[in-house]
Amino acid sequence: MTIVESDTDAARTAVVRRLREGMASGVLSFPLTSFRDDGSLDPDGYRAYVAERLAAGPGALFPACGTGEFFSLDEDEYRRVVTIAVEETAGRVPVVAGTGYGWAQAVRFARIAEDAGADALLVMPHYLTTAPQEGLVAQLERIAAGTRLPLIAYQRGQVTYTAESLRHIAGIPGVIGLKDGHSDLDRLQRMVLAAPEDFLFFNGAATAEVQARAYAAVGVPAYSSAVHAFAPEIAGAFLAALRDGDTGTVDRLLRDFYVPFVELRDRVPGYAVSLVKAAAGLRGCPVGPVRAPLTAPSATDLAELETLLTAGLDLVGAAL
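Residues numbered from 1 in each chain as written. Predicted model: local features only at pLDDT ≥ 70, side-chain atom pairs only at ≥ 80, totals over all residues. Heavy atoms only, no water.

Novice: Where do I start with the pairing of strand E7 (residues 200-203) in this structure?
Specialist: Walk down a regular strand and you will see the side chains alternate between the two sheet faces. Burial along E7 is two-sided: Leu 200 and Phe 202 and Phe 201 and Asn 203, pointing in opposite directions, are all buried. Pairing analysis gives four bridges linking strand E6 (residues 175-180) to E7, with the strands arranged parallel. Its bridge partner being in E7, Gly 177 is matched across the sheet by Leu 200. Crossover E6 to E7 through helix H7 (residues 185-194) is right-handed. (Buried < 20%, exposed > 50% of the residue type's maximum accessible area, 1.4 Å probe, protein only. Helix = DSSP H or I, 4+ residues; strand = E, 2+ residues; numbered from the N terminus. Pairing = 2+ DSSP bridges. Right-handed = clockwise from strand over helix to strand, strands pointing away.)

Rendered as structure tokens:
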């Protein structure tokens, strides 16, 4: 008797394959969301910005996630952001939209993403409260039951899974991977060893390149790149050097650009997004300001950012 795979299972399998291929070919791009000076959504600016990110050849596009200020978007804005990303991508790379808050709200956003044509969802850490492991697993079960789209769990902030929980998560129909933002490599190694062979993992540290070699050593070579949001030339040069084993170039980019950027980023809460957005603005990208509660970099920090960005671009033969 031949077992016919359901349409949903076949679609999820295809998404896993495309994501794996994308993760092997380029960095994972998390586009900023464009706002006007009055704080309203700028759809035209966002469309132009996404087109620029896609021209730089990412492995996948993750709209309306942390870097895209998911937490500040209402449902209508979210729909427009994901729809534009899907339209501009036109099937060239997978589109993985963010979702989150409590499971009921996450399902509402998930269904909007389904309607907009997204390929998968990144489940952002839930709001505010800490929870036991069984609750974290149940949260993903509830979300998975409410959507046809495959899910990538995101551990960061108050969400941290154990290897035992990972075994349960990997058994939830529709859960296909994990993004790690904790950088606890001992724990992550245990999780990688506990997971099925086809389960996807990627490095989601705030500036992932700084720890890319360490993550690769525990079996997680793919990573998201905030730098791709404003300087794909630097992000691309780093990835190429890393894959070519060009230790000199990797070390030079880390020493002279990435580490100083991280040090600047860590000065003020929220700079992991607002500094990235300011850097994109320095390059003429139509992204506008951040929304409260994030704040723009100070004049002093912005000047330091411009100097650092200019130096980083010079390292790879590009200009501001």
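Novice: Hey, could you run me through the nonpolar core in this one?
Specialist: Nonpolar side chains in soluble globular proteins tend to end up buried together. Grouped together as the largest cluster of nonpolar side chains are 72 residues, with contacts concentrated most on Leu 19, Phe 62, Tyr 78, Leu 122, Tyr 161, Phe 199 and Phe 201. Contact partners of Tyr 78, with chain neighbours within four places excluded, come to Ala 64, Phe 70, Leu 73, Ala 97, Gly 98, Phe 109, Ile 112, Ala 113 and Leu 121. With 36 residues, the next largest nonpolar core counts Ala 212, Leu 254, Ala 278 and Leu 309 among its residues. (Core = buried A, V, L, I, M, F, W, Y, C linked by side-chain atoms within 4.5 Å. Contact = heavy atoms within 4.5 Å.)

Novice: Help me out: how do you make sense of empty space enclosed by the protein in this one?
Specialist: The gaps left among the atoms become clear once a water-sized probe is rolled over them. Overall, the coordinates contain one cavity of 30 Å³ or more when judged by the stated rule. Here the largest cavity is characterised by a volume of approximately 60 Å³. Forming the boundary of the largest cavity are Val 123, Met 124, Pro 125, His 126, Leu 136, Gln 139, Leu 140, Tyr 154, Val 159 and Tyr 161. When the residues that make up the lining of the largest cavity are grouped by side-chain class, the tally is eight nonpolar, two polar and no charged. (1 Å grid on protein atoms, 1.4 Å probe; cavity = no way out; pocket = protein on both sides within 12 Å on 5 of 7 lines; lining within 4 Å. Points joined across faces, edges and corners; volume = space filled by probe spheres on them. Nonpolar A, V, L, I, M, F, W, Y, C, P; charged D, E, K, R; others polar.)

Novice: Please explain the side chain of Glu 209 as it appears in this structure.
Specialist: One can find Glu 209 in the loop between E7 and helix H8 (212-217). One buried charged residue, Glu 209, remains without a salt bridge, the closest side chain of opposite sign being Arg 265 at 8.1 Å. Polar contacts involving the side chain of Glu 209 include one to the side chain of Tyr 258, which spans 3.3 Å. Beyond its immediate stretch of four places on either side in the chain, Glu 209 contacts Tyr 223, Ser 225, Val 227, Ala 235, Phe 238, Leu 254 and Tyr 258. (Lys, Arg positive; Asp, Glu negative; His and termini not counted. Salt bridge = Lys/Arg side-chain N within 4 Å of Asp/Glu carboxyl O. Polar contact = N/O pair within 3.5 Å; in protein donor to acceptor, adjacent residues only side chain to side chain.)

Novice: Sorry if this is basic, but what is going on with the packing of aromatic side chains here?
Specialist: Any aromatic ring pair is given by two values, namely how distant the centres are and how the planes are angled relative to each other. A complete count under the given rule lists 12 aromatic pairs for this structure. Between Tyr 78 and Phe 109 the ring centres are 4.8 Å apart and the planes differ by 85°, which places this aromatic pair in the edge-to-face class. Here Phe 109 lies in helix H4 (residues 103-116) and Tyr 78 lies in helix H3 (residues 75-89), a separation of 31 residues in the sequence. When the ring of Phe 199 is compared with that of Phe 201, the centres are 5.4 Å apart and the planes differ by 65°; the resulting orientation is edge-to-face. Residue Phe 201 is classed as buried on the basis of its relative accessible area of 10%. An aromatic cluster is present here, built from Phe 230, Phe 238, Phe 257, Tyr 258 and Phe 261 joined pairwise through their rings. (Phe/Tyr/Trp six-rings, centres within 6.5 Å; stacked < 30°, edge-to-face > 60°.)

Novice: It is not clear to me how the pairing of strand E3 (residues 96-99) should be interpreted in this structure. Could you clarify?
Specialist: Side chains Val 96 and Gly 98 of E3 all project onto a buried face; the interleaved residues Ala 97 and Thr 99 project onto the opposite face, where all are buried too. The pairing of E3 with strand E4 (residues 120-123) spans four bridges and is classified as parallel. Note on E4: the bridge partner recorded for Ala 97 is Leu 121. In this view, the connection linking E3 to its parallel neighbour E4 by way of H4 has right-handed handedness.

Novice: Please explain the sheet that holds E3 as it appears in this structure.
Specialist: One open sheet holds the five strands; their spatial order is E3-E4-E5-E6-E7, and the pairing between them is parallel. At either end of the open sheet lies a strand with only one pairing partner, and these are E3 and E7. When the angles between neighbouring strand axes are averaged without regard to direction, this sheet yields 25°. (Axes fitted to C-alpha atoms, helices over the stretch in contact; angles between N-to-C directions.)

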